[in-house]
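Each chain, letter by letter, is given below.
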Amino acid sequence: MNHNQQSNDVRHDDENTLSEFLASLTDYTPTIPDELVEHYLAKSGFQCPDVRITRLVAVAAQKFVSDIATDALQHCKARQAAVVRDKKDKQQKDKRLIMNMEDLSKALQEYGVNVKHQEYFADNPSAGLESASKDE
């Protein structure tokens with residue numbers, strides 16, 4: 001078997017695999033609704049009547065969000081493990097994971113998304129409520 005024939009066989013297998021995958025998207029219901037994907041695709045100037053393409057974009061977006069959530073969880077675990085190591089009393093180890101904006105920001109930064117969140121300057125939970133009641 002020569003090199004060209006092997007190349008054609010591989011290309012044929014790839015085309016069959018792609019065709020099977022696209023056919024499976026017809027019956028698949030992604031987590032992100034088709035309408036939402038179509039809205040953002042149209043907003044960016046892309047229109048395609050093929051539902052398989054819409055669902056392919058939905059699957060890619062779902063994978064992206066899943067990867068970010070997984071990475072943020074890893075940052076959360078690492079942060080909380082460091083806190084437990086720093087504490088002198090290790091018997092009070094709390095097994096609940098509390099993910100915060102810092103964990104999410106670090107995960108997003110790995111994917112090139114920079115998040116800036118507002119700083120809050122309230123001294124106590126009721127700060128700012130007094131001025132709101134005066135305005136009424």
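Residues numbered from 1 in each chain as written. Predicted model: local features only at pLDDT ≥ 70, side-chain atom pairs only at ≥ 80, totals over all residues. Heavy atoms only, no water.

## Quick word on the overall build of the chain
Piece 1. Each helix and strand counted, the chain has five helices and zero strands in total.
Piece 2. In the chain, the succession of helices and strands from N to C terminus is α-α-α-α-α.
Piece 3. Here the chain has roughly 11400 Å² of accessible surface; of this, 54% comes from carbon and sulfur atoms. (Helix = DSSP H or I, 4+ residues; strand = E, 2+ residues; numbered from the N terminus. Areas by Shrake-Rupley, 256 points an atom, 1.4 Å probe, with all protein chains shown as cover.)

## Section: the side chain of Asp34
Piece 1. Position of Asp34 relative to the elements: it lies in helix H2 (residues 34–43).
Piece 2. Taking relative accessible area as the criterion, Asp34 reaches 14% and is therefore assigned buried.
Piece 3. At 3.1 Å, the side chain of Asp34 forms a polar contact with the side chain of Arg55.
Piece 4. With residues up to four places along the chain from it excluded, the contact list for Asp34 reads Val51, Thr54 and Arg55. (Buried < 20%, exposed > 50% of the residue type's maximum accessible area, 1.4 Å probe, protein only. Polar contact = N/O pair within 3.5 Å; in protein donor to acceptor, adjacent residues only side chain to side chain. Contact = heavy atoms within 4.5 Å.)

## Observations concerning the pattern of salt bridges
Close approach of charged atoms allows side chains of opposite charge to pair.
Piece 1. Taken as a whole and judged by the stated rule, the model has five salt bridges.
Piece 2. For Asp34, the salt bridge is made with Arg55, and the minimal N-O distance between the two is 3.1 Å. One end of the pair, Asp34, is in helix H2; the other, Arg55, is in helix H3 (residues 51–86), and 21 residues separate them in sequence.
Piece 3. Lys63 is paired through a salt bridge with Asp67; the nearest N and O atoms lie 2.8 Å apart. (Salt bridge = Lys/Arg side-chain N within 4 Å of Asp/Glu carboxyl O.)

## What about the environment of Leu97?
Piece 1. Its location among the elements puts Leu97 in the loop between H3 and helix H4 (101–110).
Piece 2. Taking the C-alpha atoms as reference points, Leu97 and Cys76, separated by 21 residues in sequence, lie 7.1 Å from one another.
Piece 3. With sequence-adjacent residues up to four places away left out, Leu97 is seen in contact with Leu73, Cys76, Lys77 and Gln80.

## Looking at the side chain of Asp103
Piece 1. Structurally, the position occupied by Asp103 is in helix H4.
Piece 2. Apart from residues lying up to four places away in sequence, Asp103 is in contact with Ala72, His75, Cys76, Arg79 and Ile98.

## Considerations on the packing of aromatic side chains
Piece 1. Evaluated as defined, the whole model comprises one aromatic pair.
Piece 2. Seen in terms of ring centroids, Phe64 and Tyr111 are 5.6 Å apart; in terms of plane orientation they differ by 85°. Their pairing is edge-to-face. Here Phe64, found in helix H3, pairs with Tyr111, found in the loop between H4 and helix H5 (129–135); they are 47 residues apart in sequence, far enough to count as distant.
Piece 3. For Phe64, a relative accessible area of 36% gives the class partly exposed. (Phe/Tyr/Trp six-rings, centres within 6.5 Å; stacked < 30°, edge-to-face > 60°.)

## Points about H2
Piece 1. Regarding H2, the residues found buried are Asp34, Val37 and Leu41. Considered in projection along H2, the buried side chains sweep an arc of 65° and stay on one side of the axis. Exposed positions of H2 whose direction lies more than 90 degrees from the buried face are Glu35 and Lys43.
Piece 2. Within two residues after H2, Gly45 carries a phi angle of roughly 95°, on the positive side. (Arc of directions from axis to C-beta.)

## Points about the confidence of the model for the chain
Piece 1. For the chain, the average pLDDT comes to 81, and 72% of its residues sit at 70 or higher.
Piece 2. Predicted confidence in the chain is weakest over H5, with a mean pLDDT of 53, and strongest over H2, with 95. (pLDDT = per-residue confidence, 0-100.)

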